[in-house]
Structure formats: structure tokens, C-alpha cells
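Report on the structure
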Amino acid sequence: MSISIPRGTQDILPGEVEKWQLIEAKARELCEKYQYKEIRTPIFEHTDLFSRGVGDSTDIVQKEMYTFEDRGKRSLTLRPEGTAAVVRSFVEKKMFGLANQPVKLYYMGPMFRYERPQAGRFRQFVQFGIEALGSNDPAIDAEVISLAMNLYKEMGLKKLKLIINSLGDKESRSAHRDALVNHFKPRIGEFCHDCQNRLEKNPLRILDCKQDREHELMLTAPSILEFLNDFSKEYFEKLQKYLTQLDIPFEVDANLVRGLDYYNHTAFEIMSNAEGFGAITTLCGGGRYNGLAEEIGGPETPGIGFALSIERFIAALDAEGIELASNEGIDCYLAALGEEAKDYTVGLLQQLRRAGFSAERDYLDRKIKAQFKAADRLKAKFVAVLGDEELKNNKINVKNMATGEQVEIDLATFIKQFQELQD
Ligand code: HAM
């Protein structure tokens, strides 16, 4: 019996992988412009990092983690997200002591969540994310949002919607929390088992429940925005001012709570409103997480960031009909006729590649006609034909596949003359 790919994962094959490479390259280019530096953390971490960081009462920690015990009986977890690990590293490597503050980092790599697979939802997916640690200035919240928006825009996406919310500081959240408990408590029996558990532990999570979304108490639940204290209100207003200044349209949605526990003040999501995008429209999510560093045992450090998956990025590009990669074709295909000529192309191929050209030859002992067909399939710009006769005379025949023009050049000066043909 053959073995198939695990559910919720995918192979990214040549033809598709070029899209990934373009997005990844653009993300790195933007990070360089915005001065975010790459950080690479392990694929697995101690389970405690996520239960403490992401939050014990979140769906991620409760239901979605790939947790296992290693041979030393330690509980480890395949990372479901990147922020907790970046903050762990920030604390452990004492980046708070660096001269350059805030510390601005980015990461790109696979994350793992045991979710029910559907369009746009995978069990292994690749996140690109950024984190800025050490600044409490709402201008950096705006910068973080603008990097994500610019990345989408520069890849050609137009149908984007940015929604923002404020979850306030500790004081505001605690007032809101009490109001939520009072609101739901009298009728909590009408809610799902999960929500009943959430009531005391983390009532904000009730607002994120998919099962009880339609319950009338959900629609009348007290909004966090009514509970923001002056500091939080001013923070949120400044963020909105900066976004306007940056020409980034947004909507405020008081119901945006996000699925992770570490957020305060700014929370945001970028959605695709392209027709036919499917049920899951969130492309990118992020927010501020002052306090997370302390939770993990570090000094008090403000932080803000976002993460987006390349899978949903590509789905949004497809939904808007944006074609990314065009297979450009190779510079030169070396076709050979005769044993000696074939042997000779081994070295010639290396010369071409060393000179910076993409080049290919036949490895299947094909007839010359079939070699030309192979060159066509590779969209070769030039085909250089070498026969035993030419080899004796130190010549090679080069055909420009676009114009049909052919020239005979000296083998000794092949690379130099081939370079001249490019103009
Ligand atoms: P998140 O909202 O859980 O936030 O995930 C961020 C993004 O990852 C989503 O908007 C989506 O693009 C992608 N994503 C999540 N789950 C899946 C999935 N199963 N399949 C495909 N894509 C998925 C975080 O992970 C936070 N760490 C973001 C953050 C960074 N907040 C502050 N800094």
C-alpha cells in the first residue's frame, strides 16, 4: 500500500514553489527597508512556553497543539505560532540589553496546529511574522501594520480590509472582564461547555466562540471600547491618527478579540474581501502584547507584531486572479551529437553556469531532435549544438530560439562570445 501525505499538510511542487519564493523574497526585502532582522528559533519548544505565553484557555493550547514527550520525558510542543518563541529568545538572550532599541525581528517558517483542515486552514502552515520589542509608542504599531499592508499591496493585492480594535491596558481589561461576567453569568447555562469554562477563566474568549455566535447575549455584550481608560483611549486614538497619516484605511471592530491571550491595546486583522475567497478571510493577525516577556520570566517589555501565512497569501492572490511567477526559461541548452561531443558538454555546462547562466544538457542519451524538444520545454533562449565534427574544428553552433538566427563560434572563446550574444 502506498503512503500518503498527512492530512492538513501539502507538498509545494516546482511551478507553485516560485510563488512562495517571490513572496518570501519580497517579505525579506521589506524587512530590510523597515530594519527588521531575521531570527530563527527551534521548531519545538517546552510546552509550558505556549501554555503560559499563548494562554491556557485558548483553543490553540486546549485543542490544537502537537505535544509529545521526548525520550527524556520532557513535554515538548511543535510551535503553533512564533511570538512566544521570539519573546522567549529575547528574554533568554538578554536582547533587552542591546544598544539598539526597540529590537525589531522577523521570522519565516512552519507552524503546527491540529485544526480541522479546510480551504485556507492547514495543520502545517508557514508564517511570516515580525515582532518589535521595547517600544510603547503607537507609531510602531502603525509601522507594524503598514509593513503587512505594504507587503500585500506590493504583491498586487487590492481587495484588502484592515480591522483594528483596542483591548486596552490591564485596568481597562479588568473592568471589561467584570462587565462580561455579569453579562453572561445569569444565562451561562444556555452556552456551550467551553464557554461555561471560559466564564471565570477568561470571559473575553466567549466572544470568540464559533458555536454560540448567534446567541442574543453575544450581540448585546459590553464592548471593550466602553471600558478603555484615558491612557488606553489616547493610545488607540494616536494609532488611528498615524494610520490615517499613512493613508491606510481601517475599520474599528469592537468585537475583534483574537485567538491568543497575550494581547492588550492594539489588535488587528487584515482580511481579503475578494469574491470567492472562501469562508476564512483573515490573511494576517497581530497586536500588542505588553506583559508577555514578564509572563515568560523576563523584564517588563512592551511588544507588538503580526503573523501571516503564505498559504492564505497565495489563496488571496489566486482569488484576485493575480499571476505571480512566470517561468522565464533557461539561458542555454547544450545539445550534443556523438560520444565525444557529449563528453565535452559536461565541462562546457559548468563553464556556462560559472559564468552566471542557467544551463542544461541531456542526460537521457536522446537523439538530437528530442534534445531540441527538451530545450523547448525548458524555454531555452539559446541552443548550442555541438557535433563531433564541430568539436574537431573547435567550433560550436549557437541558435537564438526567438529569432532563429544561428552563429558559429570558437569553442575557445565560447563563454565570451555567448555573453556578447545576450545584448
Ligand atoms: P494568529 O491569528 O493565530 O496569530 O495567526 C496569524 C496568521 O497565521 C493568520 O492570520 C493566518 O494567516 C495564519 N494561520 C493561522 N492558522 C492557520 C492555519 N491553520 N492554516 C493556515 N494559516 C494559518 C498568531 O499566530 C500571532 N503569533 C500573531 C502575532 C505576532 N501577534 C503578535 N505578533
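Residues numbered from 1 in each chain as written. Predicted model: local features only at pLDDT ≥ 70, side-chain atom pairs only at ≥ 80, totals over all residues. Heavy atoms only, no water.

1. So, the sheet that holds strand 1 (residues 37-38)
- The strand order across the open sheet formed by 8 strands is 1-5-6-11-10-9-7-8, and the pairing between neighbours is mixed. Among the strands making up the open sheet, the edge pair consists of strand 1 and strand 8 (251-252).
- The strands that helix 4 (residues 83-92) touches are strand 5 (103-112) and strand 6 (124-133); relative to strand 6, the one it contacts most, it runs at about 45°.
- Seen against the sheet, helix 11 (residues 310-319) touches strand 6, strand 9 (264-272), strand 10 (282-288) and strand 11 (303-309) and runs at an angle of roughly 60° to strand 11. (Pairing = 2+ DSSP bridges. Helix = DSSP H or I, 4+ residues; strand = E, 2+ residues; numbered from the N terminus. Contact = heavy atoms within 4.5 Å. Axes fitted to C-alpha atoms, helices over the stretch in contact; angles between N-to-C directions.)

2. Description of the pattern of salt bridges
- Enumeration according to the criterion identifies 31 salt bridges in this entry.
- The salt bridge partner of Arg88 is Glu45, with a shortest N-O separation of 2.8 Å. Linking Arg88 in helix 4 with Glu45 in strand 2 (residues 44-46), this pair joins segments that are 43 residues apart in sequence. The same class applies to Arg88 as to Glu45, namely buried. (Salt bridge = Lys/Arg side-chain N within 4 Å of Asp/Glu carboxyl O. Buried < 20%, exposed > 50% of the residue type's maximum accessible area, 1.4 Å probe, protein only.)

3. Quick notes on helix 5 (residues 138-154)
- In this model, helix 5 (17 residues) spans 24 Å end to end at C-alpha, consistent with the 24 Å of a helix rising 1.5 Å per residue.
- Most of helix 5 sits out of view: 12 of its 17 residues are buried.
- Within the sequence span of helix 5, burial applies to Pro138, Ile140, Asp141, Ala142, Val144, Ile145, Ser146, Leu147, Ala148, Met149, Leu151 and Tyr152.
- Regarding helix 5, its N-cap is Asp137, as a side-chain oxygen of that residue lies 2.8 Å from the backbone nitrogen of Ala139 further along.
- Gly156 sits one or two residues past helix 5 and shows a positive phi near 105°. (Expected span 1.5 Å × (residues − 1). Polar contact = N/O pair within 3.5 Å; in protein donor to acceptor, adjacent residues only side chain to side chain.)

Geometric values such as these leave the question of function open.
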